[in-house]
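Understanding the architecture of this molecule
Spelled out, the chains give:
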Amino acid sequence: MDIEDYRLYFNYRIILKAKSKGYLKAAFSQNELAGDNFENNDFYAIFKTETENEINLLHKFKIKPVKTSRLINYFGRKSLNPALPQFLHIYGQADLFDDGGILESKIRSARGIFLTSSRFEGAKIYRPGADILNNLYLYLSDGRGNPKFDFICTGTNSEAEIEFIRKFSGNFLLIVLPSNPQVNLTSLNLNKTAPGFLHISALDPFSKNSKYGFALRNSLAFHLSREAAVLYLSQKSSLSGLIKKFQNAGKKVKIFDGERRSGSTAGFPVKSRENTSGNNIRRHNAIQQFIINCLEKENIAIDNLLKLSNIKLNADEKETAKAISMLEMNCEIERRPGGIIKKI
């Protein structure tokens, strides 16, 4: 980063700390973050040393902050709000993200594909066989040996994704999108012999809580990729909401195994409702219905929803969290960055 970018990032980290400790609630603009007046705030001196230590640690782990706007080109729509933090964090070979390198020439072109997978029912391990991986490699090519995409985005939250990373080969830049604090991932045992290998995280690398990690990861994957590829899709999967988001934006979704066999169209699962008395009727328990009723009026933060269900229904957090997950699997609600729950 140049001096101005470093100063902006330094102040950005100060703001994160000041907000988390309750020193302020107001959001600062980029100009205010870079201005001299910002450094005169009382909380600046309080968090200055801690922030310097964090940036030194990032340097030690070779984690580089990058402006989100440098990677997300909005597909030509400058007004689009990507629902991502002001800075992303990259870990990988230094030459991959130097000025004029892959960040500018490939990632900004948004010619990526997001690769993900469900687990089997009951959270049993799913590892893609050779036939599925071969079909995937064929799909990534245009039929003449030329790659259709500049890079592949994938996560590390399922065995299928980890298996793919271990077996990965091909002339693609591979980008891993963690859903956990990045400082803890630097020792991850992944195949680093690929032509290009990067971690890009939307979650703060020093975060103490990763409960918004999946929402941020999925938002980043959506904005970096023009398509999604699902190695395996279970009947009731939280991926259903993300698949719907891709399809609603006109982005293709290719499903290689699993729910595609249900006779669904466009690769989107249709068996997301409970069947009762021979009728395809969606049924809710008391907690699920309470959540739906709350979201009819406005979007709600997940923490507030947990508190409301406890006050109104005397439901514990685990019961409410399970109800939220089921509604999300059925594509009735969507979990957005910042822990906001929205009715679809």
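Just above sits the structure.
Note that the structure is a prediction, hence the values are computed from the model and not measured.

As for the side chain of Glu227
- Mapped onto the elements of the fold, Glu227 is located in strand β7 (residues 225–230).
- Arg226 provides the closest opposite charge to the buried, salt-bridge-free Glu227, at an N-O distance of 4.7 Å.
- A polar atom in the side chain of Glu227 sits 2.6 Å from the side chain of Tyr139.
- Beyond its immediate sequence surroundings of up to four residues, Glu227 is in contact with Gly112, Ile113, Phe114, Tyr139, Phe149, Phe246 and Lys252.

Looking at the packing of aromatic side chains
- Enumeration according to the criterion identifies nine aromatic pairs in this entry.
- On the basis of an interplanar angle of 50° and a centroid distance of 5.1 Å, the ring pair of Tyr12 and Phe87 is categorised as tilted. Note that Tyr12 is positioned in helix α1 (residues 3–20) and Phe87 in strand β2 (residues 87–92), a separation of 75 residues in sequence.
- For the cation-ring pair, Lys245 lies above Phe222, with the distance from its terminal atom to the ring centre recorded as 4.7 Å.
- The ring of Phe256 carries the charged tip of Lys254 above its face, separated from the ring centre by 5.5 Å.

Points about the sheet that holds strand β13 (residues 340–343)
- Pairing in this open sheet of three strands is antiparallel, and the strands run β11-β13-β12 from one edge to the other. What marks the edges here is a single partner per strand, and that holds for β11 (300–301) and β12 (333–336).
- Here two bridges tie β11 to β13, and the two strands are oriented antiparallel to one another. When the sheet's bridge partners are listed, Ala301 is paired in β13 with Ile340.

Focus on the nonpolar core
- One finds Leu71, Ile107, Ile175, Leu177, Ile200, Leu220 and Leu224 to be the most contacted residues of the largest nonpolar core, which totals 31 residues.
- The element that contributes the greatest number of residues to this core is helix α8 (residues 213–224), accounting for five residues.
- Grouped together as the second largest cluster of nonpolar side chains are 21 residues, Ile132, Leu136, Leu140 and Phe172 included.

Regarding the environment of Thr51
- Topologically, Thr51 is positioned in helix α3 (residues 42–60).
- Under the relative-accessibility criterion, Thr51 is labelled buried at 0%.
- Remark: the alpha-carbon pair of Thr51 and Asn11, spanning 40 residues in sequence, is separated by 8.9 Å.
- With near-sequence residues (within four places) excluded, Thr51 lies in contact with Phe10, Arg13, Ile14 and Lys17.

Some remarks on the side chain of Asp204
- Tracing the chain through its elements places Asp204 in the loop between β6 (196–201) and α8.
- For Asp204, a relative accessible area of 19% puts it in the buried group.
- At 2.7 Å, the side chain of Asp204 forms a polar contact with the side chain of Arg13.

A closer look at the packing of α8 against helix α9 (residues 239–248)
- Following both chains from N to C, one finds α8 and α9 inclined at 25°, their axes separated by 11 Å at the closest point. Classed by the angle they form, the pair α8 and α9 counts as roughly parallel. In this structure, the crossing between α8 and α9 has a hand that is right-handed. Taking contact as the criterion, the partners of Asn218, Ser219, Ala221 and Phe222 in α8 are, on α9, Leu242, Lys245 and Phe246.
- The residue makeup of the contact of α8 with α9, split by class, is four nonpolar, two polar and one charged.

Concerning the pairing of β7
- A large share of β7 lies buried, amounting to five of its six residues.
- Relative to β7, strand β3 (residues 112–116) runs parallel, the two being bridged by five bridges. Within the sheet, the bridge partner assigned to Leu115 lies in β7 and is Ala229.
- With four bridges joining them, β7 and strand β8 (residues 252–255) adopt parallel strand pairing. Across the sheet, Val230 pairs through a bridge with Ile255, a residue of β8.
- This β-α-β element, β7 to α9 to β8, shows right-handed connectivity.

Details of unusual backbone geometry
- You will see that Lys62, though not glycine, has its phi angle at about 60°, which is positive.
- When you line up the elements, Lys62 lands in the loop between α3 and β1 (63–67).
- Classification of Lys62 as exposed rests on a relative accessible area of 60%.
- In this structure, Asn314 takes a positive phi of about 60° despite not being glycine.
- Under the relative-accessibility criterion, Asn314 is labelled exposed at 65%.

Observations concerning the pattern of salt bridges
- This structure, assessed with the given rule, holds eight salt bridges.
- With a shortest N-O distance of 3.1 Å, Arg7 and Glu39 are connected by a salt bridge. One end of the pair, Arg7, is in helix α1; the other, Glu39, is in the loop between α2 (30–34) and α3, with 32 residues separating them in the sequence.
- On the accessibility criterion, Glu39 (31% relative accessible area) is partly exposed.

Reading the values: rules and limits
- Residues numbered from 1 in each chain as written.
- Predicted model: local features only at pLDDT ≥ 70, side-chain atom pairs only at ≥ 80, totals over all residues.
- Heavy atoms only, no water.
- Helix = DSSP H or I, 4+ residues; strand = E, 2+ residues; numbered from the N terminus.
- Buried < 20%, exposed > 50% of the residue type's maximum accessible area, 1.4 Å probe, protein only.
- Lys, Arg positive; Asp, Glu negative; His and termini not counted.
- Salt bridge = Lys/Arg side-chain N within 4 Å of Asp/Glu carboxyl O.
- Polar contact = N/O pair within 3.5 Å; in protein donor to acceptor, adjacent residues only side chain to side chain.
- Contact = heavy atoms within 4.5 Å.
- Phe/Tyr/Trp six-rings, centres within 6.5 Å; stacked < 30°, edge-to-face > 60°.
- Lys NZ or Arg CZ within 6 Å of the ring centre and 35° of its normal.
- Pairing = 2+ DSSP bridges.
- Core = buried A, V, L, I, M, F, W, Y, C linked by side-chain atoms within 4.5 Å.
- Axes fitted to C-alpha atoms, helices over the stretch in contact; angles between N-to-C directions.
- Parallel < 35°, antiparallel > 145°, perpendicular 65-115°, else oblique.
- Left-handed = near helix turned anticlockwise from the far one by under 90°.
- Nonpolar A, V, L, I, M, F, W, Y, C, P; charged D, E, K, R; others polar.
- Right-handed = clockwise from strand over helix to strand, strands pointing away.

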